[in-house]
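# Structure at a glance
Spelled out, the chains give:
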Amino acid sequence: MIQNYLLAVWRNFRRNRLFTVINISGLAIGITACLLIAQYAAFELSYDRFWMEPERVFRVHLDRYDKGALSTRWAAGCLGIGPDLKANFPEIESYVRLTESTALLAHGDTYFSELSVYYASEDFFEVFGYPLMEGSDTAALRGPNRMVISRSLGRKYFGEENPIGKTLRNRGRTDYLITGVFEDFPEHSHLKIDALLSFATYAKIIGRTDESALTEWQWDGFLTYVRLRPNTDVHQLESKLPPFVVSKVGEELKQYNAGMKFYFMPLTNIHLDSNFIGEFKPNGDRETVYFLSVVAVLVLLIAWINYINLTTARSVERAREVGVRKVMGSMRSQLVQQFLTESLVMNIAAVLLAAVLFVVVTPWYADFAGRDLGGFLFKNISFWLAALTILLAGAGLSGLYPAFVLSGYRPAEVLKGKFRNSSQGVFFRKSLVVVQFAASLILVIGTFTVYRQLSFMRDQDLGLNINQTVVIRSPLVIDSTYQSKYTVLKNRFAQLPDVASVCASTVVPGQGGDNAGGIRRLSQTDDEQNQYRFMYVDGDYISSYEMNLAAGRMFSAEVSGEGRNVIFNEAGIRLLGFDKPEEAINESIFFWGDTLRIVGVLKNFHHESVKKAVEPLIFRYTEAPQGSYSVKISTTNVRQSMSQLEEIWKEIFPGNPFTYHFLDDFFNRQYQADQQFGKVFTLFSMLATFIACLGLFGLSSLTALQRTKEIGVRKVLGASVPGILLLMSKDYLYLLAIAIATATPLAWWIIDGWLSGFATRIPLSWVFFAIPSLLVIAIALLTAGVHTLRAANADPVRALRYE
């Protein structure tokens, strides 16, 4: 019996090659799209699950409040919380605290500027349960001047030699003994670390007797992780933290009308749920993952709906086959089995084709999506279970309805030529098309909106000029002559014909400045103080970036005592309580125990992404800030200019790598996640629309087939081809109108929610819905018009002989 079923399936496929190819390709594209998104989603959800018992590890987050309002959210919170939690709560098994080190590591003549080096307390490997390849997990970071490095960093400096027992010098002054080597953390880790320096060394550098003396609660910028004891209720533990905070710093917080709230972020949630101050690297977004997962389900659902529509569209052709089989003695159950076998074979072919497409396009898609997926799903047993589920579900669900419809035809009516589709069946198929195009339209509207929002952000006036700017990292190996050397470097750079300006600052646009609290006007009380971002700049920084003054003046190296003056942005002076920029000029402020004078107010500008609101910002003057040098250059001969800059650099700061980047590229990285989301979203919107058009192709084929005689009669009576096209298109326009009416409010709700995450956003208008709707209508009518045009141009005599 199975052999007969398979033989019948093969014959049917050969007789209807076009429909077979469309069915299999539609299913394969849908399954491939689903698997690609599933791989991306599974990769994002897999972050930090490889650690030992990751459910017991949490990061201690800190929210700070001013006057009851949330002011800053820290991934890297206060210095002293780790040891205090360990000392006061038995639920804490161990803790580790980390802070970033600005590192220039050297071994002999080999030196590199390293961006992923951190000071870490001694229990790092106990907290994360990550074994060392070489060295002792518990003793590797115990004591000053010790370090643990990744395997790749060891090869970078020592080749294939064992680095244990060797030393690396940091910033030309501190030698570290290498006491351990760890395997590089996988890509799906939120930690990005190449080397760990012992925290005891950090204590020594800042002048403390040992690590235990580092207990401040008002010093932020320190990542703290804790491993809880088994069966600890984390919510119950969190509930104990507010009274603990009051007991430690309650009076101090009350004095300044401030607040602190600690909470535990699960290790496995950090990548998707944490985008706060002090992250190791930009994290993902859970809403994006879930949204793309819904898109994957919709694309696959549309592909299965296509199978139903395309199969039932051929019901007229197969009705006589069913009638003959029933007359010859076939039972309905046997016909159902035959059609389900046909569905199973088609789904197997689609899954096999999808597997091939998946393997072929995964490397391209990984680059397209900005993720090093590395065949992630193929290594996961869940992938194979999911593929089997898709196969069985697709064969069963998409094949069940056509099987029962086709097997239910009455042989007497069919063989007499009286067969007609039921109104319920026609309504069901049209409903499926409406669902397909409503889903596709939502995706197309979303794509259009995402594109417009990203274009709007890129074209937005930042309030400063970042173009043609090379940012050079300031030297890390310096001595007491640094200030004079910087002056020489600046003058030498400025003398180059293609250099327009040179300036220095602690941070550049695209980087968050340092945070300073306790800032207020002298006339205000302590409970009126606020937090600000601040940065140190030299006298040419503001003019080099072409910022605009709202009041006052810029910094000048010619002014005596300029280091005791500050410049605010407009958001900053409003937070101080001034209504107009002019009111703030020459007013004094209290800044970290010092009294400073406001000499200028800048018009608001976007120091970071326009996705964020403009923050209150303070500029302080210093002659030679350490951090970054910004050089404005001509683009006529960039290679020659960079070569000249590097030559001067090596002459003045030997032993320091010449590390640079172009500021516009660096600044636009802030939009990278949104741009990647937009590209992925656009890709699958196009696929969903294409697959939906395949479904409409099937429905138009059925309609043209059923109305062949009607078309012939109309042509004999004088109907024109355009008239017939208009008549036949009315049905599709009706379906598309229902789809548009259904999709528009849903799309508005979804898009408005997405745009609410942007401080600077486009206003929604009817254009965002009209253009995608017209586009979808045009695509749909072109798709449906193929069969209609063919039927309208057919010989009416042959049409009247039909049936």
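Please refer to the structure higher up on the page.
Reference entry: report on the structure contained in this document. (Residues numbered from 1 in each chain as written. Predicted model: local features only at pLDDT ≥ 70, side-chain atom pairs only at ≥ 80, totals over all residues. Heavy atoms only, no water.)

### Section: unusual backbone geometry
Worth spelling out the cut-off: A run of H or I in DSSP becomes a helix once it reaches four residues, and a run of E becomes a strand once it reaches two; helices and strands are each numbered from the N terminus. A simple rule labels every residue: compare its accessible area, found with a 1.4 Å probe on the protein chains alone, to the largest value its type can have, and call it buried under 20%, exposed over 50%, or partly exposed in between.
One non-glycine residue, Asn231, lies in positive phi territory at about 65°. The residue Asn231 is located in the loop between strand 13 (220-228) and helix 7 (234-239) in this model. Of note, the phi angle at Glu546 is positive, near 55°, even though the residue is not glycine. Considering the arrangement of structural elements, one finds Glu546 in the loop between helix 17 (541-544) and strand 19 (549-552). Residue classification places Glu546 among the partly exposed positions, given a relative accessible area of 48%.

### Topic: the pattern of salt bridges
Selection rule: Salt bridge, as applied in this entry: a Lys or Arg side-chain nitrogen positioned within 4 Å of an Asp or Glu carboxyl oxygen.
If you walk through the whole model with that rule in mind, you get 24 salt bridges. Across the salt bridge formed by Glu53 and Arg56, the nearest N and O atoms sit 2.7 Å from each other.

### Overview of the pairing of strand 15 (residues 469-473)
Put simply, the rule reads: Strand pairing follows a simple DSSP-based rule, namely that at least 2 bridges must link the two strands.
Of all five residues making up strand 15, four are buried, and the element is well covered by its neighbours. Across five bridges, strand 15 lies against strand 24 (residues 628-633) in antiparallel orientation. Bridged to Val471 within strand 24 is Ser630. Bridge analysis of strand 15 against strand 25 (residues 660-662) gives three bridges, and the strand direction is antiparallel. Residue pairing across strands places Val471 opposite His661, the latter belonging to strand 25.

### Considerations on the pairing of strand 20 (residues 565-569)
Burial analysis of strand 20 places five of its five residues in the buried class, which makes it a mostly covered element. Bridge count between strand 20 and strand 22 (residues 594-602): five bridges; the pairing is parallel. By the bridge assignment for strand 22, Asn569 is matched with Leu602. Across three bridges, the pairing between strand 20 and strand 23 (residues 617-621) is antiparallel. Directly across from Phe568, in strand 23, lies its bridge partner Ile618.

### Comments concerning the nonpolar core
Selection criterion: Working definition of a nonpolar core: buried Ala, Val, Leu, Ile, Met, Phe, Trp, Tyr and Cys residues. They are joined through side-chain atoms within 4.5 Å. Should any heavy atoms of two residues lie within 4.5 Å, those residues are counted as being in contact.
Within the largest apolar cluster, 93 residues are counted, with the highest numbers of intra-cluster contacts made by Phe437, Tyr541, Met547 and Phe619. With residues up to four places along the chain from it excluded, the contact list for Phe437 reads Ala692, Cys693, Leu696, Leu736, Ala739, Val776 and Ala780.

### Here we look at a nonpolar patch on the surface
Condition: Note that patches include only residues with greater than 30% relative accessible area and no salt bridge, and the join distances are 9 Å for like charges and 5 Å for nonpolar side chains (Val, Leu, Ile, Met, Phe, Trp, Tyr). To measure how exposed things are, a 1.4 Å probe is used in the Shrake-Rupley method; for residues, cover is taken only from the protein chains shown.
A surface patch of nonpolar side chains, amounting to about 250 Å² of accessible area, comprises Leu344, Ile348 and Leu352. Among the secondary structure elements, Ile348 is positioned in helix 12 (residues 332-369). Take Ile348: its relative accessible area is 36%, and that puts it in the partly exposed class.

### A few points about the packing of aromatic side chains
Aromatic rings in a pair are described by how distant their centres are and how their planes are angled relative to each other. Inclusion rule: Each Phe, Tyr or Trp ring, with Trp reduced to its six-membered ring, pairs with another whose centre is within 6.5 Å; inter-plane angles below 30 degrees give stacked pairs, above 60 give edge-to-face pairs, and intermediate values give tilted ones. A ring is scored as having a charge over it whenever the NZ atom of a lysine or the CZ atom of an arginine sits within 6 Å of its centre and within 35 degrees of its normal.
Inspection of the entire model under this criterion finds 48 aromatic pairs. Both rings, one in Trp217 and one in Phe262, keep their centres 5.4 Å apart while their planes meet at 80°; by these two values the pair is edge-to-face. One end of the pair, Trp217, is in the loop between helix 6 (199-205) and strand 13; the other, Phe262, is in strand 14 (residues 258-266), with 45 residues separating them in the sequence. Looking at Trp217, the relative accessible area reads 5%, which means it is buried. Judged by relative accessible area, which is 7%, Phe262 ranks as buried. Aromatic side chains Phe534 and Tyr536 sit 5.8 Å apart centroid to centroid with 80° between the ring planes, which places their arrangement in the edge-to-face category. Residue class for Phe534 comes out buried when judged on its relative accessible area of 4%. Through pairs of rings, three or more aromatic residues link up here, namely Phe50, Trp51, Phe124, Phe125, Phe128, Tyr130, Phe182, Phe185 and Tyr225. Over the aromatic face of Phe578 sits the side chain of Arg521, whose NZ or CZ is 4.0 Å from the ring centroid. Here Arg620 stacks its cationic end above the ring of Phe591, 5.1 Å away from the centre of that ring.

### Examining helix 16 (residues 482-494)
Rules: What a helix should span is 1.5 Å times the count of its residues minus one. An arc is given here, and it is the one of the directions from the helix axis to the C-beta atoms.
An ideal rise of 1.5 Å per residue puts 18 Å on 13 residues; helix 16 measures up with 18 Å between its terminal C-alpha atoms. The complete set of buried residues in helix 16 reads Tyr482, Tyr486, Leu489, Lys490 and Phe493. All buried residues of helix 16 lie within an arc of 100° about the axis, which places them on one face of the element. If you follow the buried residues of helix 16, they end up packed against strand 15, strand 16 (499-505), strand 24 and helix 20 (638-652).

### Points about helix 8 (residues 241-255)
Residues three or four positions apart in an α-helix share a direction because the helix packs 3.6 residues into each turn. Taking 1.5 Å per residue, 15 residues should reach 21 Å; helix 8 reaches 20 Å between its end C-alpha atoms and fits that length. Regarding helix 8, the residues found buried are Leu241, Phe244, Val245, Val249, Gly250 and Leu253. For helix 8, the elements touching its buried residues are helix 3 (81-88), helix 7 and strand 14. Asn257 sits one or two residues past helix 8 and shows a positive phi near 55°.

### What to know about a negative patch on the surface
Counted only if it meets this: All tallies of charge rest on Lys and Arg as positive and Asp and Glu as negative; His and the ends of each chain are not included. The location of each charge is read from NZ of Lys, CZ of Arg, CG of Asp or CD of Glu.
On the surface, a cluster of negative charge is made up of Asp579, Glu582, Glu583 and Glu587. As for its placement among the helices and strands, Asp579 is situated in the loop between helix 18 (570-576) and helix 19 (581-584).

### Concerning the packing of helix 16 against helix 20
Between two packed helices, both the angle of their axes relative to each other and the distance between the axes serve to describe the pair. Basically, it comes down to this: Only the stretch in contact is used when a helix axis is fitted, and all axes are lines through C-alpha atoms; the angle between N-to-C directions ranges over 0 to 180 degrees. Roughly parallel refers to an angle under 35 degrees, roughly antiparallel to one over 145, roughly perpendicular to one between 65 and 115, and oblique to any angle outside these ranges. Each crossing gets its hand from how the near helix is turned against the far one by less than a right angle, where anticlockwise is left-handed and clockwise is right-handed. Classes in brief: Ala, Val, Leu, Ile, Met, Phe, Trp, Tyr, Cys and Pro nonpolar; Asp, Glu, Lys and Arg charged; the others, Gly included, polar.
Taken N-terminus to C-terminus, the directions of helix 16 and helix 20 make an angle of 160°; their axes are 10 Å apart at the nearest point. Classified by the angle between their axes, helix 16 and helix 20 sit roughly antiparallel to one another. For the pair helix 16 and helix 20, the crossing hand works out as right-handed. Contacts between helix 16 and helix 20 involve Lys485, Val488, Leu489, Arg492 and Phe493 from the former and Leu645, Ile648, Trp649, Glu651 and Ile652 from the latter. Considered class by class, the residues forming the contact of helix 16 with helix 20 number seven nonpolar, no polar and three charged.

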